[in-house]
Amino acid sequence: MELNSRRVEQNGSRRRPTIKDVAAVAGVSRGTVSRVLNGGHWVSPEALTAVQAAIKSTGYAANRHARSLVTGRANSVAFLLTEPQQLLFEDPNFSVLLRGAADALAKRDMPLLLMVAGTAEERRRVTDYVTAGHVDGVLLISSHAGNPVVGSLLREGVPTVACGTSLGHEGKIGYVAADDVAGAREMVRHLRDTGRRHIATITGPLDTPGGVQRLQGYREELGDAYDEGLVANGDYSRLGGQRAMADLLAARPEIDAVFVASDLMAAGALTTLAAQGRRVPDDVAVGGFDDSYLAAALSPALTTMRQPFERISSEMVRLLGDVINGEQPAAVILPTTLVRRDST
């Protein structure tokens, strides 16, 4: 029996090829075809080659639903953002992580489901859906300490890998992160090297790993020169950066540099500095963190710490695959890179 077209003829019309068709072309049993589709275990090299050729010649495509009934898997992964919906569109980092995760999963022939859980009701719906087994695992983005979603995922045994340490659940959830402490230290060192002596910082939220660890790096690099009065808390939003910069200037007008814990907040800080007649970098040098596409588009272009977002996404997918397959959670910390532009 020869099948040269991508569909099988049936009563003059075309239908989707089945395992039976593949088996007939390959000259093997349907059980052998099924074993090939589920990993190729206990199949001879000759049979494996024949089945692979038959799949190609018939144009057979596995029925994901039928396979999930056999394997007990959903064959999909959730990209779960635990932030208000508007930040998905405002913060460029999230779209880069989303694209990278989708690309990495496409290589594994797995679809990605985007979920946002920024409110209590959204968290309830998402938790119900995920713990019901509709996805094989979760890529957790921007989790805050005390987030009930994380506890639910752990209790239900849902394979999960986080972007950054999951505060309060260290050692229980695998994660991939940039080296926030070392990156912050390098940025503060760079600002000092430009001759600045009154270096402030605008932190991220202090219930997130980036907020905590970038403040830690800032503090460690300044050592005895650390001054609590030069620290303002932000929320990773542009408006938060504007407000924090205004608070700093009001309290400490001698500021001549500021390390801002995200590029989006740095954009807000630049707006405030311009509104108050402070020239950048002549009067105040500004350093950010992320190297999102926003950084180079600002005026002046922003000096920042580059996070390897595409690598972070691909490593998260790799670690999640390992957890789904029963391996213990692991952590990967990636280096950051100083990108010098016009703001320092």
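Coordinates for the structure precede this section.
Computed from a prediction, not measured in an experiment: that's the story for all the values here. (Residues numbered from 1 in each chain as written. Predicted model: local features only at pLDDT ≥ 70, side-chain atom pairs only at ≥ 80, totals over all residues. Heavy atoms only, no water.)

As a further point, take the sheet that holds strand β12 (residues 303–306). Read from one edge of the open sheet, six strands run β9-β8-β10-β11-β12-β14, paired in mixed fashion. The open sheet terminates on both sides in strands that have one partner only, identified here as β9 (231–233) and β14 (337–339). The average angle at which neighbouring strand axes cross in this sheet is 20°, direction not considered. Where strand β8 (residues 199–203) lies against strand β10 (residues 257–260), four bridges are found, and the strand directions are parallel. Each residue of the ladder has a partner; that of Thr 201, found in β10, is Phe 259. (Pairing = 2+ DSSP bridges. Helix = DSSP H or I, 4+ residues; strand = E, 2+ residues; numbered from the N terminus. Axes fitted to C-alpha atoms, helices over the stretch in contact; angles between N-to-C directions.)

So, about the nonpolar core. With 43 residues, the main nonpolar core has Ile 202, Tyr 218, Val 258 and Val 286 as its most contacted residues. Counting residues per element, this core draws most heavily on helix α12 (residues 263–275), at seven residues. Once you skip the residues sitting within four places of it in the chain, Val 286 turns out to touch Val 258, Val 260, Ala 266, Leu 270, Leu 273, Val 280, Leu 302, Thr 303, Ser 343 and Thr 344. Among the nonpolar cores identified, the runner-up in size contains 26 residues, and Phe 94, Leu 139, Val 317 and Val 323 belong to it. (Core = buried A, V, L, I, M, F, W, Y, C linked by side-chain atoms within 4.5 Å. Buried < 20%, exposed > 50% of the residue type's maximum accessible area, 1.4 Å probe, protein only. Contact = heavy atoms within 4.5 Å.)

Geometric values such as these leave the question of function open.
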